[in-house]
Amino acid sequence: MEQLIGRAARDLVDSKYAIGLTGAGISTESGIPDFRGPSGVWTKNPEAERRAYLGYQEFSEDPKKWWEERLSGRGQSFLGDLEKVIPNPGHHALAELEELGILKCVITQNVDALHEKAGTKNLLEYHGSFSKLRCISCGLRFGRDEFGLEELMRENQLPPRCPKCRGVIKSDTVSFGEPIPSDVAHQSLEEAWKCDVMLICGTSAVVYPFANLPRIARERRTEREKQTETGIYAVERISAVTIIEVNADPTPLTEEGISDYLIQGKTGEILPIIVEEVKKIRK
Ligand code: NAD
Ligand code: ZN
């Protein structure tokens, strides 16, 4: 493991455009359950998973009812009170890698806003954020407090409407069955096309289309000159990206050879050591 941590630090220092991808696993050490880990919400309660899949359908059919259920606490809330949680050393390590100029962007599946709280600046929230609302027509985002939701409920004015286009407002968090907002979908693809190191932390990589990002990066090739035995230079096509996983367990990315290597363990422990190693190399 120490060897792999050193290798990751070296790969990051040598990179020109490294990006991070994160999933629920990076936030379990902040007390938020993941979905598919051993203590995950779905692992313990498969029925909750089945109901969750109806999320966007329920919203589309009756946005007023959907809002009323959420505001009265009857709606689905799997992750506990996200206002109170704080980032852990894993989130801080990624923010520090950005500050060191190494990590250019973090794309997270998490809706907990912990990367933002830890200070990551160039952040793409692929599945939205619990602290924001979004117009499903024009895509504009708002702070959660901007609409006076409780008052709208009392006055029977739900669902909230977009001040710009009158579209229906939903929480920014992407429900099952809901398309990924086009801005983050496009920007994430661009990042996957651009990066030369991808550091994937705490995701089971089975939720699509997010799980396509490492696969798309893996397909990319770059050309390198190499001297053959006869002394003639030839061009060889090599992978354009190094993909590193930090995860408690192997994932399909590990098993299918999408990632170059897995550092197995907790992100809150491993990522800070990687940062220390990066600093030592750079001294
Ligand atoms: P997942 O639950 O499917 O997988 C989490 C992965 O992280 C597992 O492989 C698990 O073994 C690993 N893991 C757990 N704790 C870890 C730790 N401390 N260190 C390293 N690895 C650890 O999560 P996912 O792949 O992100 O997919 C779940 C979906 O649910 C996502 O789309 C996400 O939007 C949503 N979700 C978000 C949160 C959150 O915002 N914190 C929490 C649960 C689920
Ligand atoms: Zn709008």
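Conventions adopted
- Residues numbered from 1 in each chain as written.
- Chains lettered and ligands numbered in written order.
- Predicted model: local features only at pLDDT ≥ 70, side-chain atom pairs only at ≥ 80, totals over all residues.
- Heavy atoms only, no water.
- Buried < 20%, exposed > 50% of the residue type's maximum accessible area, 1.4 Å probe, protein only.
- Helix = DSSP H or I, 4+ residues; strand = E, 2+ residues; numbered from the N terminus.
- Contact = heavy atoms within 4.5 Å.
- Polar contact = N/O pair within 3.5 Å; in protein donor to acceptor, adjacent residues only side chain to side chain.
- Phe/Tyr/Trp six-rings, centres within 6.5 Å; stacked < 30°, edge-to-face > 60°.
- Lys NZ or Arg CZ within 6 Å of the ring centre and 35° of its normal.

Caption draft 1: Seen up close, helix 6 (residues 89-99). What helix 6 keeps buried is the set Gly-90, His-91, Ala-93, Leu-94, Ala-95, Leu-97 and Glu-98. Against helix 1 (2-14), strand 1 (18-22), strand 2 (103-108), helix 7 (114-118), strand 7 (197-201) and helix 12 (267-282) lie the buried residues of helix 6. Where helix 6 begins, one side-chain oxygen reaches toward the backbone nitrogen of Gly-90, 2.7 Å away; that side chain belongs to Asn-88. One or two residues past the end of helix 6 sits Gly-101, with phi positive at roughly 85°.

Caption draft 2: Seen up close, the packing of aromatic side chains. By the definition in use, this model includes five aromatic pairs. Geometrically, the ring pair formed by Tyr-126 and Phe-210 is edge-to-face, given 5.3 Å between the ring centres and 80° between the ring planes. Here Tyr-126 is found in the loop between strand 3 (123-125) and strand 4 (132-135), whereas its partner Phe-210 is found in the loop between strand 7 and helix 10 (212-219), with 84 residues between them in sequence. Comparing Tyr-126 with Phe-210, the two get one shared label, buried. Through a chain of ring-to-ring contacts, three or more aromatic side chains come together here, namely Tyr-56, Phe-59, Trp-66 and Trp-67. The ring of Phe-59 carries the charged tip of Lys-170 above its face, separated from the ring centre by 6.0 Å.

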